[in-house]
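In case you want the letters, here they are:
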Amino acid sequence: MVDALGVAVVGFGWMGRVHTQAYARVRHHYPQLALRPELITVAEEVPGRAEEAAAQFGFVSTARDWREVAADPRVRAVSITAPNFLHREIGVAMAEAGKHIWIEKPVGLGAEDARAVADAVARAGVQGAVGFNYRNAPAVEAARELIASGEIGAVTHVRVRMFSDYAAHPEGALTWRYERERGGSGVLGDLASHGADLARFLLGDIASLTADTAVFLPERARPAGATAGHSRAAGGELGPVENEDYVNCLLRFASGARGVLEACRVSVGEQNNYGFEVHGTSGAVFWDFRRMNELGVSRGTAYQDQPVSTVYVGPGDGEFGAFQPGAANAMGYDDLKVIEAYRFLRSVAEGVPYGATVGDAVHSAVALEAMARSAERGDWVTVDGPGVL
Ligand SMILES: NC(=O)c1ccc[n+]([C@@H]2O[C@H](COP(=O)([O-])OP(=O)(O)OC[C@H]3O[C@@H](n4cnc5c(N)ncnc54)[C@H](O)[C@@H]3O)[C@@H](O)[C@H]2O)c1
């Protein structure tokens with residue numbers, strides 16, 4: 001028996017579109033899902049954007065104000081894909097209205113916002129999924145299992161990198177992303193939030209850290225009109241960039257393992273260079289998002305000169321089998337969001353969380369705040385472990 005679940009999307013920029021496409025595709029890949037998402041409404045503040053989305057994807061109604069979505073009894077689950085400064089207000093209101101939420105990272109402007117959303121979700125007894133999509137990659141799940149099974153020995157250290165050029169162009173518009181009030185932190189919330197989640201997903205809790213941050217492009221041009229994603233604003237009036245372009249962080253894990261997390265949004269020559277290298281006493285495992293379905297694996301008893309093999313993930317790894325029949329048929333970024341939609345809807349159907357939750361977003365946000373504090377003070381900062389929630 002398959003029940004319909006009315007869903008809404010708030011904010012129809014890049015992520016709003018990707019969430020909508022994931023709802024549309026999820027049952028193609030997961031016919032066993034007990035729920036069938038129905039696109040009820042899309043809320044957007046830019047005139048015309050919601051109507052275009054409805055015409056393209058079949059939402060039955062549109063809204064200019066997200067509060068209409070909170071009050072709409074047809075809507076039982078909501079994707080919150082608006083800018084960071086709205087996450088807390090919308091997330092709390094939707095949970096309090098009894099709606100399950102699938103909210104984008106970093107869940108607000110800081111840890112206090114993420115906690116407020118997590119508390120509201122817990123109080124309301126609804127599901128709260130978060131867009132930490134990189135942990136959904138079958139190769140990342142395979143790496144986690146490989147590490148947990150002891151195949152590379154005891155983990156000694158990890159390097160997590162999140163390098164992008166999306167903000168490297170000098171004409172890149174001064175959007176909400178570069179303002180403290182609407183974006184919160186810069187590359188910390190944007191990319192290092194994923195990096196901190198990946199580090200914890202693979203190696204467990206971060207115990208302490210020390211970090212350094214920098215702004216490399218201190219001014220940008222104000223856009224003349226509405227923006228989506230990473231728009232350009234050549235010739236616009238210049239305004240200050242209020243948050244960091246770069247972070248470099250040393251990590252100590254509760255397990256005793258050490259790590260480095262480096263993230264930058266203005267790295268010319270780097271397009272989505274996201275990945276990790278995890279080393280253990282007898283092996284190592286490497287992942288690069290740009291070759292998402294491959295792992296580099298070194299294991300054995302040679303220690304020195306031990307070869308590294310390329311392993312293509314296949315139907316036995318994570319959710320790969322829901323997309324491709326055999327190893328080395330490529331999956332892409334949007335497929336990670338289909339997996340996220342599946343886990344969210346399964347959580348709703350079964351009343352048990354699957355996949356990343358707002359609790360995981362609190363852990364990530366606490367680590368990011370520790371990075372910001374350390375960068376300010378220049379010392380090591382303790383990151384609360386399991387008691388963080
Ligand atoms: N998981 C990922 O890989 C990933 C990637 C990119 C962005 N994100 C996150 O997704 C969120 C959105 O990012 P984006 O890149 O889609 O941004 P975007 O600027 O492309 O889209 C945001 C949309 O929200 C709309 N909006 C603003 N205020 C609104 C309001 N009051 N009501 C309704 N709509 C409103 C804007 O008009 C815009 O269309 C951010 O929190 C970001 O951190 C996650």
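Everything that follows concerns the structure shown earlier in this document.
Computed from a predicted model, the values in this text were never measured in an experiment.

Draft legend 1. Spatial organisation of the overall build of the protein. Within the protein one finds ten helices and 17 strands. Here the C-alpha atoms of the protein give a radius of gyration of 21 Å, agreeing with the 21 Å that 2.2 N^0.38 yields for 389 residues. Across its three principal directions, the C-alpha atoms of the protein cover 60 × 55 × 40 Å. Scored against the burial criterion, the 389 residues of the protein give a buried share of 57%. Pairs at least 24 apart in sequence give 70% of the contacts found in the protein among residues at least 6 apart. Here the protein contributes 36 positively and 48 negatively charged side chains, and the mean placements of these two sets differ by 2 Å.

Draft legend 2. Structural context of the pairing of strand E2 (residues 35-43). Where burial is concerned, most of E2 is hidden: seven out of the nine residues are buried. As judged from the eight bridges shared by strand E1 (residues 3-10) and E2, these two strands associate in the parallel manner. Following the sheet pairing, leucine 5 is matched in E2 by proline 37. A crossover links E1 with its parallel partner E2, the connecting element being helix H1 (residues 14-29), and its sense is right-handed. As judged from the three bridges shared by E2 and strand E3 (residues 61-63), these two strands associate in the parallel manner. Bridge pairing links threonine 41 to serine 61 in E3. Following the chain from E2 across helix H2 (residues 49-57) to the adjacent parallel E3, one finds a crossover that is right-handed.

Draft legend 3. Up close: the environment of aspartate 288. By the element assignment, aspartate 288 lies in strand E14 (residues 284-288). With 41 residues separating them in the primary sequence, aspartate 288 and valine 247 have C-alpha atoms 19 Å apart. Those residues in contact with aspartate 288 that sit more than four places away from it in its chain are Arg161, Asn273, Tyr274 and Gly275. One polar contact links aspartate 288 to arginine 290, side chain to side chain, over a distance of 2.8 Å.

Draft legend 4. Looking closely at the side chain of histidine 87. With respect to the secondary-structure elements, histidine 87 resides in helix H4 (residues 87-96). Given the relative accessible area of 1%, histidine 87 is considered buried. At a separation of 3.4 Å, a polar atom in the side chain of histidine 87 contacts the main-chain amide nitrogen of valine 107. Dropping the residues within four chain positions of it, histidine 87 is found in contact with Ile80, Ala82, Val92, Ile103, Glu104, Lys105, Pro106, Val107, Gly108 and Val117.

Draft legend 5. Representation of the pattern of salt bridges within the structure. Overall, the coordinates contain 30 salt bridges when judged by the stated rule. In this structure, arginine 200 engages aspartate 360 in a salt bridge whose closest nitrogen and oxygen atoms are separated by 3.1 Å. Taken as a pair, arginine 200 in helix H8 (residues 187-203) and aspartate 360 in helix H10 (residues 358-377) lie far apart in primary sequence, 160 residues in all. The class of aspartate 360 is buried, set by a relative accessible area of 12%. When salt bridges with common partners are traced through the structure, they connect Arg135, Asp197, Arg200, Asp205 and Asp360 into a single cluster.

Draft legend 6. Geometry of the packing of H1 against helix H9 (residues 333-350). Packing of H1 against H9 brings their axes to within 8 Å, and their N-to-C directions diverge by 70 degrees. Compared by their axis directions, H1 and H9 come out roughly perpendicular. Between H1 and H9 the crossing geometry is right-handed. Residues Trp14, Met15, Val18, His19, Gln21, Ala22, Tyr23, Arg25, Val26 and His29 of H1 touch H9, and the partners they reach there are Tyr333, Asp334, Asp335, Lys337, Val338, Ala341, Tyr342, Phe344 and Leu345. Counted by class, the contact of H1 with H9 contains twelve nonpolar, three polar and four charged residues.

Draft legend 7. Region of interest: the nonpolar core. Core analysis: the biggest nonpolar cluster contains 128 residues, and Met94, Trp287 and Met371 have the highest contact counts within it. Each residue touching tryptophan 287, except ones within four places of it in the same chain, is listed here: Tyr134, Ala137, Ala139, Val140, Arg161, Leu198, Tyr274, Gly275, Phe276, Met292, Glu294 and Leu295.

Draft legend 8. Fine view of the sheet that holds strand E5 (residues 100-103). The strand order across the open sheet built from six strands is E3-E2-E1-E4-E5-E6, with neighbouring strands paired in parallel fashion. Each edge of the sheet is formed by a strand with only one pairing partner; in this case those strands are E3 and strand E6 (128-130). Shown here is a sheet whose adjacent strand axes are inclined to one another by a mean of 25 degrees, direction ignored. Of the strands in this sheet, E1, E2, strand E4 (77-80) and E5 are in contact with H1, which crosses E2 at around 155 degrees. Along the sheet face, H9 touches E1, E2, E4, E5 and E6 and points at about 160 degrees away from the line of E5.

Draft legend 9. View of the packing of aromatic side chains. Within the structure shown, the criterion is met by 14 aromatic pairs. Summarising the aromatic geometry, the rings of tyrosine 23 and tryptophan 102 are spaced 5.4 Å apart at their centres and angled 85 degrees between planes, so their arrangement reads as edge-to-face. One end of the pair, tyrosine 23, is in helix H1; the other, tryptophan 102, is in strand E5, and 79 residues separate them in sequence. Here tyrosine 23 falls in the buried class, since its relative accessible area comes to 3%.

Draft legend 10. Summary view of H8. Along H8, the largest kink reaches about 40 degrees and is centred on serine 193. Here H8 lies mainly inside the structure; 16 of its 17 residues are buried. Following H8 by one or two positions, glycine 204 has its phi on the positive side, about 90 degrees.

Draft legend 11. Main features of the sheet that holds strand E15 (residues 294-298). Ordered by their spatial adjacency, nine strands build an open sheet running E16-E15-E14-E13-E7-E12-E11-E8-E17, and the pairing between neighbours is mixed. On the outer flanks of this sheet lie strand E16 (309-312) and strand E17 (381-382), each paired with one strand and no other. Bridging between strand E8 (residues 206-214) and strand E11 (residues 246-253) involves eight bridges; their strand directions are antiparallel. Directly across from threonine 213, in E11, lies its bridge partner valine 247. Each of strand E7 (155-163), E8, E11, strand E12 (258-264), strand E13 (273-280) and E14 is contacted by H8, which is oriented at about 155 degrees to E12, the strand it contacts most.

The rules behind these values
- Just so you know, the residues in each chain are numbered from 1, in the order the chain's sequence is written.
- For this predicted model, a pLDDT threshold of at least 70 governs which residues receive local features, and a threshold of 80 or more governs which side-chain atom pairs are given and counted, while totals over whole chains, interfaces and linings are taken from all residues.
- Remark: hydrogens and water are excluded; side-chain values derive from all non-hydrogen atoms of the structure.
- Helix and strand assignments come from DSSP, with helices taken as H or I runs of at least 4 residues and strands as E runs of at least 2, each series counted from the N terminus.
- We compute the radius of gyration over the C-alpha atoms and compare it with the globule rule, which gives 2.2 Å times the number of residues raised to the power 0.38.
- With a 1.4 Å probe rolled over the protein chains alone, any residue whose accessible area is under 20% of its type maximum counts as buried; one over 50% counts as exposed, and the rest are partly exposed.
- By definition, residues are in contact when any of their heavy atoms lie within 4.5 Å.
- Only four residue types enter the tally: Lys and Arg on the positive side, Asp and Glu on the negative side, with His and both chain ends excluded.
- Where a charge lies is defined by one atom per residue type, namely NZ (Lys), CZ (Arg), CG (Asp) and CD (Glu).
- Here, any two strands with at least 2 DSSP bridges between them count as paired.
- By convention, a crossover is right-handed whenever its connection, traced from the first strand over the helix to the second and viewed with the strands pointing away, goes clockwise.
- Identification of polar contacts relies on pairs of N or O atoms within 3.5 Å, with a donor-acceptor requirement for protein atoms, meaning one able to donate a hydrogen and the other able to accept it, and with residues adjacent in sequence counted only if both atoms are side-chain atoms.
- A pair is scored as a salt bridge if a Lys or Arg side-chain nitrogen falls within 4 Å of a carboxyl oxygen belonging to Asp or Glu.
- Axes here mean lines fitted to C-alpha atoms, for a helix over just the part in contact, with angles spanning 0 to 180 degrees between N-to-C directions.
- For classification, angles of less than 35 degrees are called roughly parallel, those exceeding 145 degrees roughly antiparallel, those between 65 and 115 degrees roughly perpendicular, and all remaining angles oblique.
- Crossings are classed by handedness, with left-handed meaning an anticlockwise turn of the near helix from the far one by less than a right angle and right-handed meaning a clockwise turn.
- Three classes are used, and their members are as follows: Ala, Val, Leu, Ile, Met, Phe, Trp, Tyr, Cys and Pro are nonpolar, Asp, Glu, Lys and Arg are charged, and the others, Gly among them, are polar.
- To qualify as a nonpolar core, a set must consist of buried Ala, Val, Leu, Ile, Met, Phe, Trp, Tyr and Cys residues joined through side-chain atoms within 4.5 Å.
- For Phe, Tyr and Trp, where Trp contributes only its six-membered ring, two rings pair if their centres lie within 6.5 Å, and the inter-plane angle classes them as stacked under 30 degrees, edge-to-face over 60, or tilted in between.
- Given a residue, its bend is the angle between the two axes fitted to the seven residues that end at it and to the seven that start from it.

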